[in-house]
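Now for the letters of each chain:
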Amino acid sequence: MDPLLPLAYKPLPLGAVRPLGWLERQLRLQADGLSGHLDEVWADVRDSRWFGGDREGWERAPYWLDGVIPLAYVLDDPALKARVDRYVNYVLDHQDEDGWLGPRAMVQAGGRPEETNYDLWGQLLALKALAQYHDATGQERVLDAIERNLRCLERIIDRKPLFNWGQFRWYEGLVGLYWLNERRPAPWQGDLAIKLQAQGFHWGEFFRRWPLTGPTPRGRWNFMGHVVNNAMAVKAHALWWRLSGEPTDRAAVYDMIEKLERYHGMVTGMFTGDECLAGRNPTQGTELCAVVEYAYSLETLLSVFGDPAFADRLEKVVFNALPATFSPDMWAHQYDQQVNQVQCSRQLDPPWNTNGPESNLFGLEPNYGCCTANLSQGWPKFAANLWMRSPDGGLAAMAYAPSQMWAELDGKPVHVRLESEYPFRSELDICVTVEKPVRFPLHLRIPAWAKGATLAVEGQRQPALKPGSFFRLEREWQGETRLLLTLPMRPELLRGHHKSVAVARGPLVYALRIGEEWRQVNGDRPEHELPHGDWEVYPTTPWNYGLRISEKTLAEDVVFENRPLGDLPFTPEGAPLEARVYGRRLPGWSLRNGSAEETPASPVQSSEPLEPLTLIPYGCTNLRVTEFPVLI
Ligand SMILES: [Zn+2]
């Protein structure tokens with residue numbers, strides 16, 4: 001294989017970055033919730049054919065491993081690590097002579113008949129999970145297994161070309177293949193890369209010639225507009241660019257993100273798809289798989305190209321869309337979340353273009369179980385990618401959350417500890433500790449929104465920091481060095497559907513706090529006993545408000561107040577921040593089929609009384625209005 005173009009920033013081995021503070025508590029909540037117990041409570045993982053059972057034998061178990069492996073290792077949780085070991089060892093012990101991993105029969109979920117032709121997506125996904133396991137454990141047999149599997153795939157696709165999911169997700173194979181190439185390069189690896197690319201769907205060309213500029217028509221499910229495929233595919237041309245070096249590949253990444261944003265973008269940094277791209281109406285849904293895959297794609301893009309704008313978007317997705325779509329205890333999740341989500345209930349005629357009537361319930365496997373299996377990767381991979389190695393021999397803070405990391409630079413151990421209540425606060429305390437003096441640069445990302453950001457090193461104010469760039473601090477580090485980075489957050493108005501507005505500040509988007517009543521449903525279904533039941537959520541307070549707000553008077557129109565950061569920051573009661581705004585009810589704006597009706601076009605008039613309203617971070621809400629009409 002031709003040499004790969006180097007990564008702009010290189011991820012650290014799994015386990016080198018560990019969460020602290022609220023992020024550690026969030027990951028612990030995940031491990032104590034559905035994600036960490038899926039192999040006990042859900043037959044499609046517990047009795048998966050991957051682990052010797054008789055249930056689904058394609059993507060579900062590998063999806064779970066792809067998230068639970070990093071979860072176990074970023075938390076350094078011995079019990080979870082022991083369980084992961086057992087499953088991975090089972091898979092490795094049962095690898096076929098020719099290198100095939102897992103079951104060969106394409107047995108799908110929900111009693112669907114066996115497919116005669118195996119869709120290779122299941123193998124590409126398993127490779128990603130195993131590569132992480134090797135990063136964390138260094139076990140040689142994992143490397144052997146990955147090599148044998150890729151050699152097997154290289155032969156198979158000569159006679160059985162990629163189709164369906166494998167065809168639309170071909171570049172996911174490059175993740176495992178490049179990983180192997182960096183450890184055991186061989187000429188056949190280039191053949192496989194070229195065959196995958198040639199047989200795969202050409203996303204860049206498709207977006208250039210025929211972008212999907214409107215909502216998918218009702219009932220027209222398709223692979224090209226599939227929201228998860230799109231969230232994954234934004235990294236396709238970055239991965240391929242490492243081999244091609246073509247400027248058109250780099251440009252295709254930006255073109256895809258820009259068009260998804262323009263035609264389907266939500267104020268959370270995500271785009272809609274329920275299950276295919278669904279336009280900019282805030283009552284359309286976004287599938288959870290798309291949220292975690294977009295985050296992973298952005299982490300990959302950040303590493304390949306080093307553009308801090310990818311991290312700005314990554315934080316927005318992870319701090320807003322990701323926590324919002326889980327119940328507070330992380331035992332239940334939604335298939336589809338809505339930016340304006342005023343009720344979660346079973347509907348005969350839901351607004352989704354193809355998803356089923358239960359898609360916005362919080363539950364075990366609302367609508368379909370892909371998200372149940374795939375949700376685990378969101379928080380752990382974010383934690384693992386907070387810090388990376390910089391190309392000039394230093395370290396880089398890529399995204400911010402309380403964390404610590406260990407690395408060796410110039411043969412000397414370095415420890416960095418970041419303590420902060422970011423993104424709920426602006427101050428980040430960074431402590432760099434070295435045992436022996438060592439010179440290296442530290443790159444600190446300054447988000448594009450952080451105008452007036454400051455950095456003090458041991459109390460010494462540094463030169464002005466440029467938003468939307470990395471600040472490079474090179475020095476000889478000795479003993480313990482304290483840095484204080486301040487990222488000022490100013491309110492801004494984001495424009496939405498029908499000229500509506502949403503309030504944002506720093507990486508957080510704000511939404512109306514709505515009173516909630518949770519009602520358990522589907523309790524008679526198998527596997528739905530508590531705590532992993534299904535829930536409808538009904539509003540107990542009004543939500544149909546227009547806001548008195550404008551860009552000119554924004555600083556007076558919205559007033560922020562800090563609240564204590566507790567154990568459950570991503571809940572309505574635990575919100576670490578509140579914003580006070582004023583608005584009037586809009587009596588004509590009501591509920592239809594369980595969702596808010598079409599947002600009235602702004603500006604709007606209302607003779608209802610002016611009321612104080614409380615907005616909280618989007619990620620803290622379960623019900624919400626985020627995009628509001630604006631009062632005259
Ligand atoms: Zn899904």
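Figured I'd write up the structure that's included with this text.

Thresholds, definitions, all that
Residues numbered from 1 in each chain as written. Predicted model: local features only at pLDDT ≥ 70, side-chain atom pairs only at ≥ 80, totals over all residues. Heavy atoms only, no water. Pairing = 2+ DSSP bridges. Helix = DSSP H or I, 4+ residues; strand = E, 2+ residues; numbered from the N terminus. Expected span 1.5 Å × (residues − 1). Buried < 20%, exposed > 50% of the residue type's maximum accessible area, 1.4 Å probe, protein only. Contact = heavy atoms within 4.5 Å. Polar contact = N/O pair within 3.5 Å; in protein donor to acceptor, adjacent residues only side chain to side chain. Disulfide = S-S within 2.5 Å. Donors = N, O, S within 2.8 Å, 3.2 Å for Na, K, Ca; no water. Tetrahedral: all angles 85-135°; square planar, octahedral: opposite > 155°, others 65-115°. Salt bridge = Lys/Arg side-chain N within 4 Å of Asp/Glu carboxyl O.

### Description of the sheet that holds strand 7 (residues 403-409)
So, point 1. Pairing is antiparallel across the open sheet formed by 7 strands, whose spatial order is 2-7-8-9-14-11-12. Two strands close off the open sheet at either side, each with one partner strand: strand 2 (17-19) and strand 12 (460-461).
So, point 2. Where strand 7 meets strand 8 (residues 412-420), 7 bridges bridge the pair, whose relative direction is antiparallel. Within strand 8, the residue paired with Trp406 across the bridge is His415.

### So, helix 5 (residues 78-93)
So, point 1. Taking 1.5 Å per residue, 16 residues should reach 22 Å; helix 5 reaches 22 Å between its end C-alpha atoms and fits that length.
So, point 2. The complete set of buried residues in helix 5 reads Leu80, Lys81, Arg83, Val84, Tyr87, Val88, Val91 and Leu92.
So, point 3. For helix 5, the secondary structure elements touched by its buried residues are helix 1 (21-32), helix 2 (34-41), helix 4 (60-75), helix 6 (121-137) and helix 7 (140-159).
So, point 4. For helix 5, the side-chain oxygen to backbone nitrogen distance between the N-cap and Ala79 is 3.0 Å, and the N-cap itself is Asp77.

### Some words on the state of the cysteines
So, point 1. Summed over all chains, the structure comprises 0 disulfides.
So, point 2. In this structure Cys344 is a free cysteine whose sulfur lies 14 Å from that of Cys371, the closest cysteine sulfur available.

### A word on the coordination of the zinc ion
So, point 1. At this site the zinc ion is bound by Glu287 (OE), Cys289 (SG), Cys370 (SG) and Cys371 (SG), with donor distances of 2.0 to 2.3 Å.
So, point 2. With 4 donor atoms in place around the zinc ion and angles of 96 to 123 degrees between them, the coordination shape is tetrahedral.
So, point 3. Sequence spacing among the residues donating to the zinc ion works out to E-x1-C-x80-C-C. In this pair, Glu287 sits in strand 3 (residues 285-287) while Cys371 sits in helix 17 (residues 370-374), placing the two residues 84 residues apart along the sequence.
So, point 4. Classification of Glu287 as buried rests on a relative accessible area of 1%.
So, point 5. Classification of Cys371 as buried rests on a relative accessible area of 0%.

### Quick look at the pattern of salt bridges
So, point 1. This model, assessed by the stated rule, comprises 43 salt bridges.
So, point 2. When the shortest N-O distance is used, the salt bridge between Asp144 and Arg184 registers 2.7 Å. Note that Asp144 is positioned in helix 7 and Arg184 in the loop between helix 9 (172-183) and helix 10 (188-199), a separation of 40 residues in sequence.
So, point 3. The salt bridge involving Arg445 is made with Glu315; its shortest N-O contact spans 2.8 Å. Taken together, the positions of Arg445 in strand 10 (residues 438-446) and Glu315 in helix 16 (residues 308-324) put the pair 130 residues apart, joining distant regions of the chain. Here the two residues Arg445 and Glu315 agree in accessibility, since each one is buried.
So, point 4. Here the salt bridges do not stand alone but share partners, grouping Glu140, Asp144, Glu147 and Arg184 into one network.

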